[in-house]
Amino acid sequence: ALFALAGLLAREQVDAAVNSAFRDKLCTPRALFSTLERLGQRGRPGAHMLQQILSSYQSDRGLGASPLEVVAYRLLVRAGLPRPHRNFSIFREGKLFAKIDLAYPALRIAIELDGQWCHSTNFDRARDCARQNELVRLGWHVQRFTRQQVEGSPEVFVASVREVLTERMRAA
């Protein structure tokens, strides 16, 4: 199905579909690479695009949990910023306390990306707020962005992250 999509849709749409397939465990990168090796040799439409997308996954640090994370990660990298860690786990007292969407752990910078589904209920927002307050108490600088901010004003998103990185590096 991903091959069919890759022959019909724009790269961003195929990238989102591939990321969703990995996230939802519909296939693995290894299985898709194997299929690409088997079927991509035959000049199949979309094979070149899938090869490019899979190559970018190989070079990125882990898979994003959402298409928004992939977009944000790539914006930062393409802007020349250091590669953030994806889905960075923070443990407290031996237990997983938080998974940060994108992080610069050495500088204690957390970038949280609020898609419309995972942060839509009052319970979700209250949980996010409590977790963010605790991260700040632990010395983390937390930046929170919505899909509209990342995709609608990518230059503002990148500039904001760049500014915090610069400030934290100077202070380090």
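In this text the structure is predicted, and so the values were computed from the model without any measurement. (Residues numbered from 1 in each chain as written. Predicted model: local features only at pLDDT ≥ 70, side-chain atom pairs only at ≥ 80, totals over all residues. Heavy atoms only, no water.)

**Notes on the pairing of strand E2 (residues 95-104)**
Note the following rule: What makes two strands pair is DSSP finding at least two bridges between them. Put simply, DSSP marks the helices as runs of H or I at least four residues long and the strands as runs of E at least two long, and each gets a number from the N terminus on.
The pairing of strand E1 (residues 85-92) with E2 spans seven bridges and is classified as antiparallel. Bridge assignment links Ser-89 to a residue of E2, and that residue is Lys-99. Hairpin connection between E1 and E2: a loop of two residues separates the two successive antiparallel strands, and Glu-93 in this loop has a positive phi of roughly 55°. Judged from the three bridges that link them, E2 and strand E3 (residues 109-114) form a sheet pairing that is antiparallel. Bridge pairing in E3 places Tyr-104 opposite Ile-109. As consecutive antiparallel partners, E2 and E3 are separated by four residues, and within that stretch Arg-108 has a phi angle of approximately 55°, a positive value.

**As for the sheet that holds E1**
Formally: Here an axis means a line fitted to C-alpha atoms, over the contact stretch when the element is a helix, while the angle between two N-to-C directions is reported on a 0 to 180 degree scale. The contact criterion used is simple: two residues touch if any of their non-hydrogen atoms lie within 4.5 Å.
An order of E1-E2-E3-E4 is seen for the four strands of this open sheet, with the pairing classed as mixed. On the outer flanks of this sheet lie E1 and strand E4 (141-146), each paired with one strand and no other. Put simply, the sheet's adjacent strands are angled 45° from each other on average, direction ignored. Inspection of the sheet shows E3 paired to E4 by six bridges, in the parallel sense. Opposite Ile-111, over in E4, you have Gln-143 as the bridge partner. Sheet strands in contact with helix H8 (residues 154-171) are E2, E3 and E4, and its direction is about 175° off that of E4.

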